[in-house]
Structures are given as structure tokens and as C-alpha cells.
Amino acid sequence: MFSGTFMSLFKARGFPYWLKEVPNITFRSYNEPFMFHMKRFAENIINMVKGEKLFADQGGPIIMAQIENEYNNVQLAYREMGKKYVRWAADLAVNLYNGVPWVMCKQKDAPQTVISTCNGRNCGDTFPGPNGPDKPSLWTENWTAQYRVFGDSPSQRSAEDLAFAVARFFARNGTLNNYYMYHGGTNFGRTSSSFVTTRYYDEAPLDEFGLMRDPKFGHLKDLHKALRLSKKPLLWGAPSVQKIGNNLEVAVYEKAGTNICAAFLTNNSSRDDLNLNFRGVDYFLPAKSISILPDCKTVVYNTQTVVAQHSSRNFVVARESKVTKWETFKEPIPTIDQLEVKSKSPKELYSFTKDKSDYAWFSTSIDFERRDLPMRSDILPVLQIASLGHALAAFVNGEYVGFGHGSNIEKSHVFKNSINLKIGMNHISILAMTVGLPNSGAYMERRFAGPRAITLEGLMAGNLDITFNHWGQQVGVYGERMRIFTEEGSKKVKWVPYTSNPGPITWYKGYFDAPEGSDPVAIRMMSMEKGVVWINGLNIGRYWVSYLSPLGKPTQEEYHIPRAYLKPKGNLIVIFEETGGHPENIEIQTVNRNTICSIITEFHTPQVKTFERKNNQFRSITNPVKAAYLTCPDNKVIQTVEFVTFGEVDGACGNFKPGKCSSPKAHKIVEQMCLGKSTCTIPFERENFLDGKDPCPDVSKTLAVQVYCGSNKKSDA
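My aim in this report is to walk through the structure given alongside it, one point at a time.

Here is what the cut-offs are and how they apply
- Along every chain, residues carry numbers that run from 1 in the direction the sequence is written.
- Local features in a predicted model are, by the rule used here, given only for residues with pLDDT of at least 70; side-chain atom pairs are given and counted only at 80 or more, and totals for whole chains, interfaces and linings are based on all residues.
- Water and hydrogen atoms were dropped before computing side-chain values, which therefore reflect all heavy atoms in the structure.
- Helix and strand definitions here come from DSSP, where helices need a minimum of 4 consecutive H or I residues and strands a minimum of 2 consecutive E residues; each element is numbered from the N-terminal end.
- With a 1.4 Å probe rolled over the protein chains alone, any residue whose accessible area is under 20% of its type maximum counts as buried; one over 50% counts as exposed, and the rest are partly exposed.
- Contacts: residue pairs with any heavy atoms within 4.5 Å of one another.
- Strand pairing requires that DSSP identify at least two bridges connecting the strands.
- Aromatic rings from Phe, Tyr and Trp, taking only the six-membered ring of Trp, are treated as a pair when their centres fall within 6.5 Å; an angle between ring planes under 30 degrees marks them as stacked, one over 60 as edge-to-face, and anything in between as tilted.
- Counted as salt bridges are all cases of a side-chain nitrogen of Lys or Arg within 4 Å of a carboxyl oxygen of Asp or Glu.
- Structural elements are reduced to axes, namely lines fitted to C-alpha atoms, with helices fitted over the stretch in contact, and the angle between N-to-C directions of any two is expressed from 0 to 180 degrees.
- Grid spacing is 1 Å over the protein atoms alone, the probe is 1.4 Å, and a cavity is where that probe fits but cannot get out, while a pocket is an open set with protein on both sides within 12 Å along at least five of seven lines and lining residues have an atom within 4 Å of a point.
- Grid points are joined across faces, edges and corners, and a volume is the space filled by probe spheres set on the points.
- Patches in this entry comprise residues that are over 30% relatively accessible and not in a salt bridge; like charges within 9 Å are linked, as are nonpolar side chains (Val, Leu, Ile, Met, Phe, Trp, Tyr) within 5 Å.
- Only the protein chains shown count as cover for residues, and the accessible areas themselves come from Shrake-Rupley with a 1.4 Å probe.
- By the counting scheme adopted, Arg and Lys are positive, Glu and Asp are negative, and His together with the chain ends is not counted.
- Just so you know, the charge point we use is NZ for Lys, CZ for Arg, CG for Asp and CD for Glu.
- Whenever a pair of cysteine sulfur atoms sits within 2.5 Å, that pair is classed as a disulfide.

Within the protein, the regular secondary structure consists of 13 helices and 43 strands. Considering only C-alpha atoms, the protein reaches an extent of 95 × 65 × 50 Å along its principal axes. The 717 residues of the protein split such that 57% are buried. Long-range contacts, defined here as pairs at least 24 residues apart, represent 70% of the contacts in the protein between residues at least 6 apart.

Here it is, written out as C-alpha cells:
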């Protein structure tokens, strides 16, 4: 259970906006206003949990609780007030409830009343241990990938690397490993923090849609099966570690005088496969891998050799769900006279919007005579806006001038573009935008956003600073205030049929039917640029496909629509597009992982599930067979064998390429064994795949299979 200061990837780290406006407050410091509200919140949470009897000592499922999170990252900024705050937070937690242990993550100077724990990717190597010899070694956040922000390239972490890190942690006396995240998700509405994508931790073992991301899901499942087979040695055995040369290491848990023994054989070399002799037996260890021997004899698992199946995610256009009846409504561009709030200069964006909207309008007017403007037709004035973030769209006399934005690293940016000014009164309007609230760092209550300096350049008298020219401003956009993203609100404005791209700050409305079946649903927004999507009045999050990564692609192309948001027919979709797009090319899709694969080499172990520990005896349940194992999701059956090779292979599941050496009969063998079945086992047997003579005896053999699963028509009937 997590109490106190909240997780950093939710907007404003979970702090409600009003907390920022408490007089004299300093977040996460020994500060009376902050401690007052933090204590009040923690008390409420603890009292609710106690009232429901959810703590372990009450018979509930909560075995430990957490106060604060990764405070060491910012503690130095607060100096002595940071040290005092850590001690105060620990005392607060223990005094509120002491029936379960309390932890502080990544807190080197955690008080003795709580347990310091590790967050990161390689806690088996980086964690010095808890803050006391009588405390367990806990890995509270094992990062299964990395969250992504708009503009990022793909974030990945292989199943092999993740498994190696977990096995190493337990080989080094680890007690608990907790995956962050195990299930990816979606930042619906405006919940994501600054620049964080709507899709969150999609590379987790369970992806954003709740589908198993194999081999990560299956390989970790096999790892924990191997650890469970080793549980008695891990709990009762005495640990010992022996290093052999520069790269080999043996960790043994053994209870003297018994057969209770487990071993972790480690090859730390990232390049070379190595052999290790352990208790008179030679063991092959692939590069950067750990083999687990629950009886100190039998290898049941190796972190680098993935026995679990692989899968490839498919986004399928739902033809029956094409959006129709597109209509548009142009968001009005206000002038200073139409905006109620007036001030000498533009207000700071966070404090003005108060987390009620991503948007705020700012507008001013200025009168020019002919002698003020450039005389030459080839010279135009320039509008420059220095902004503290995050993005903005600029308009002059109702004409769109352009769009500018910062990044997650540097939120400040300078917008600069040529403009057309006229003799007489000119209206300059800015739609300023946030893309989430701050999520980390010290002094979060002192973060700022929005336009800070506005200048007109290239006038006959030189540059003109109009920052203090008196401005009108307004929180939100008109369509948002009218709630035109709902069925009822959409009736409050006049929509016109969509004919062509009507330009920036435009609302789009259409209807679609829910896709057939039960597969998850997504919407592909590649024909749009930046904005927000509502389905049946529910905000499914921000999209931003015009912000390209260094690879030249959007960070996120598809956006999750929960089926719970849909009705069978006539679903309302409303989009607020900030810069321009083509809604007719939007696609409603279904999502599946019906493409499954297996990749087995000569060095792979049998499946770990063929072993068990019973009555203090470790044994194989059946004759362990090295094989490719395939299981279709959702009771589907193998409809097509798409790829088979027995020899060399390149690529990955969903994108295999044959190598130079393969067996011509392998494809037919797999079809005979697998077609029409929901599960399939293909033994790795050379004689079955080779016609007598091996065409490439010097090549180590790999069996790679890719199949496609579809509905079982017999069971459907």
C-alpha cells in the first residue's frame, strides 16, 4: 500500500492543484503547511484501510506499506529541511499504524523504523542492501521498460535482460521483487503528467490492452516457477558465493546434512558463451545469463534461452466500424474585448487554469498607422513569443500564424513567425496549452508555464515589446465549456458537413458502430496532428502524432478505446484538433496477439513446468522434452503456419527472415503437427527435420515457427 507522497507519472505527482496555492507551502519538505496536509491525507487513507480490515495483521492482504518515494533524488535541494522531513515522514507512518512494516524506496538514509528498498533495473548489482542486518532485501520497483513521453523513440527492455536481473537479485539474497509496471495502461482524460504519452508502460508483460506480451510474460512466468522450485533452499539454506575468473560466478543455497540445495550459475560476460564446471559437471552458459538448478544438479531455466512462446501484436482495421457523418465546428478566436479576465500581462498558465483545462486564451489589441509598418512588400513583421511551455497556437486578426512547442527535457520554447499586420486595430490572440502538469523534481510548487514575453519585430520603429500591452484571458476553449463533446452539448453549436481540411482549432464530430467480437479496440490517429478525443462524452486522452521521434515516427499512433465506453451502434466521437488534420482517414481498429511463435535452439532447456518439488524431492513430472510449445489465446486454434525454419533464422516474431540454412521439410512437419489445434508441441529432433544428410553440419540449429490463430469454427458453431 502506498501512502503519503504519490507516484510521479500521474499529473503533479498526484498532488491536487489547490495544494500549490496554500500560503507559504513547500512540497516534500519539513514545511508546516505541507506536513499538515500530508498528515491529514495519510490519516484518511490509513483509517479507511483499517476500517475495512485490509492490513495483514487484521486478516487482510496488505503485508507492507510505503511512505514517500525516491526522495533521495531531490533531498539535497532541501538541505537540512530534507533530512528532517524524511525523519518526520517515517515517524508519521509508524505512529499511524505499526501492524505491518513500512518502506521507503531509494532512501539511503531511511530511519531505522522503516525499511529502505531498491527501485531500478539492476538491483542485484546496484543495491547495497537494506538499512539494517535484520531487514529483508526488497526490490520495490523493477522497471520492466520505461514510460514514454511525446517525441520519444520506442522504449524496450528484453525478457532476457529482465530475467537476468531478477535471477541475479535472488542469487544475491534478495527477498522480494515487484515489477513496475506488470500491466501497462492508459492515461485517460488529462491524468498523464507533462509530455507523458496517453499510452503508459505498454512494454510491460501485460500490455496497455491487457494482452500478454510474450515472451516477456511467459519467460518471467517460467522464471518464477524455477524460483518456486528453489524455495526451500532459498528459505532454509545458507548462502555462499564463489567467483571463478572474471566472469563466472556460483551462488549456492544449501542446508548442511540434507539434500536441500539450489544453485545459480552466472556468466557475466556480455559477449562470450562459457562453460562452467560445478561439482564435477560441465554446464554451458550463454553470454550474460544465469542458470537455475533447484537441486544443484538439474538446469531447469536459463535467463538467456527463452522456452516460452513469442507473440506479435496486430492492429486490424474494423471495416464495419468506419466513422461516418463527419461534421465540423470552428472554435471561435476571441479578441481582448470578448475575454472577461483582464490584466496588464498574460497570467501564468498553471495558476490561471488551475488544472481545469489544458487550454487558455490570451489576446491583446494594438493600433498601427501606415508609418509604423514596413514599407517594402517583401518584408513582414515577425511575432515572437517566449513561452515557459508547453505549446501554443498563434493568431493575428483571426488568421492562423503557426504552432510551437517545447519538449519534456526543455519545456520552454520561443515561437517566431512572420505575420500580416494592417493599418488600424490588430488583434493578437494566443491559445496557450499545457500537456500535463509537472511530475518530478524539487520545488514542484514553483513551476511555471505559458507566454512570458511577446514581441513584434521588424516595425519601422524597431522591435515592440507588447508583453505589458494589457491582455484579456480565459480558461478553456468555447467548445470545452459548452461540453460539445457530449450528445447533449453538441446540440448547442451549429455543425457543418465536413468537406475538406478546415484548418486549426477545429472540432470534428462523427459516429461509428462498435467492432464485432471481444478484442480490445483502438483508434489510429495518423491523419491528425495534436488534440483530444472523446468517445460518447468520455475523454480517452491526448493525442500528438505530429511530434516525431528521432526515428521519424510518432511516439504513439493508436489510442485505446475501452469496450466499456462503447455501445453496439451509433457511438459519438468528438475530436478537438489544434493544428489541422484529415478525420476521414481515422481508423477504428481491433487489437490481438493471434500471431504466436517459438524459437528453440540446441542449447535450450526443457520447459520448467515439467519439473516439481514434492515431499522434499525434486523430480521431473514427465520425461523432459526439448520442444517448441505453442498455445493460442482465447481458445482459438492454429489456422495458418506462416513461417518455419530448422537451421538459421533472422528477425523476430511477426518479422522472421530465413537464414542461409534450413530444412525443406520443416514447414510440412509443423503443419501436420499443429493445424487445427489450440496447443501444439514440436519436439526438437534433428532426425525428423533432416533428410538423412545435414546440408550444413557446421551450423548450430534453430527451430523457429510462426503461426496465426483464429476462431475455432467448430466450437463457434
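It is worth spelling out the pairing of strand E43 (residues 702–710) at this point. Within E43, eight of the nine residues are buried, leaving the element largely enclosed by the surrounding structure. Across seven bridges, strand E35 (residues 587–601) lies against E43 in antiparallel orientation. Bridge pairing in E43 places Thr601 opposite Thr702. The pairing of strand E39 (residues 637–647) with E43 spans nine bridges and is classified as antiparallel. In the sheet register, Val641 faces E43, and the bridge partner there is Val707.

The full count for this structure, using the stated rule, is 39 aromatic pairs. For the ring pair Phe329 and Tyr478, a centre distance of 6.2 Å and an interplane angle of 40° mean the geometry is tilted. Of this pair, Phe329 sits in strand E17 (residues 324–330) while Tyr478 sits in helix H10 (residues 478–481); the two residues are 149 residues apart in sequence, bridging distant segments of the chain. Look at Tyr478 and you get partly exposed, because its relative accessible area is 28%. Between Tyr498 and Tyr508 the ring centres are 6.1 Å apart and the planes differ by 70°, which places this aromatic pair in the edge-to-face class. Separated by ten residues along the polypeptide, Tyr498 in the loop between strand E28 (496–497) and strand E29 (506–512) and Tyr508 in strand E29 bring together distant segments of the chain.

Turning next to the pattern of salt bridges. For the structure on display, the rule yields 34 salt bridges. With its nearest N and O atoms 3.6 Å apart, the salt bridge here joins Glu249 to Arg168. Residue Glu249 is found in strand E10 (residues 248–254), and its partner Arg168 is found in helix H6 (residues 159–171); the two are separated by 81 residues along the sequence. For the residue pair Glu249 and Arg168, the accessibility class agrees, reading buried in each case. Of the charged contacts, one joins Arg313 and Asp202 as a salt bridge, the two residues approaching to 2.6 Å between their closest N and O atoms. Linking Arg313 in strand E16 (residues 310–317) with Asp202 in the loop between strand E8 (199–200) and helix H7 (216–229), this pair joins segments that are 111 residues apart in sequence.

Here we take up the sheet that holds strand E23 (residues 413–418). The four strands lie next to each other as E23-E20-E25-E26, forming an open sheet whose pairing is antiparallel. The open sheet has two free edges, formed respectively by E23 and strand E26 (462–465), since each of these has just one partner strand. Each strand axis lies, on average, 20° off the axis of its neighbour in the sheet, ignoring direction.

Now for empty space enclosed by the protein. Under the counting rule described, the total for this entry stands at four cavities of 30 Å³ or more. Volume-wise, the second largest cavity comes out at about 60 Å³. In terms of lining, the second largest cavity is formed by Arg148, Thr197, Arg199, Tyr200, Tyr201, Asp202, Glu203, Thr555 and Gln556.

What follows concerns a positive patch on the surface. A contiguous patch of positive charge, built from Lys221, Arg228, Lys231 and Lys609, is present on the exposed surface. Relative to the assigned elements, Lys231 resides in helix H8 (residues 231–236). Since its relative accessible area comes to 48%, Lys231 is described here as partly exposed.

The subject of this paragraph is the state of the cysteines. A complete count under the given rule lists six disulfides for this structure. Between the sulfur atoms of Cys118 and its disulfide partner Cys123 the distance amounts to 2.0 Å. Classification of the bridge connecting Cys118 and Cys123 rests on its S-S torsion, roughly -80°, and on that basis the disulfide is left-handed. Take Cys118 and Cys123: they sit in the same class, and that class is buried. Two residues share a disulfide in this structure: Cys674 and Cys680, whose sulfurs sit 1.8 Å from each other. When the S-S torsion is -55°, as for the bridge of Cys674 with Cys680, the disulfide is left-handed. Assigned by exposure class, Cys674 and Cys680 land together as buried.

Take it as geometry only, folks, not as evidence of what the structure does.
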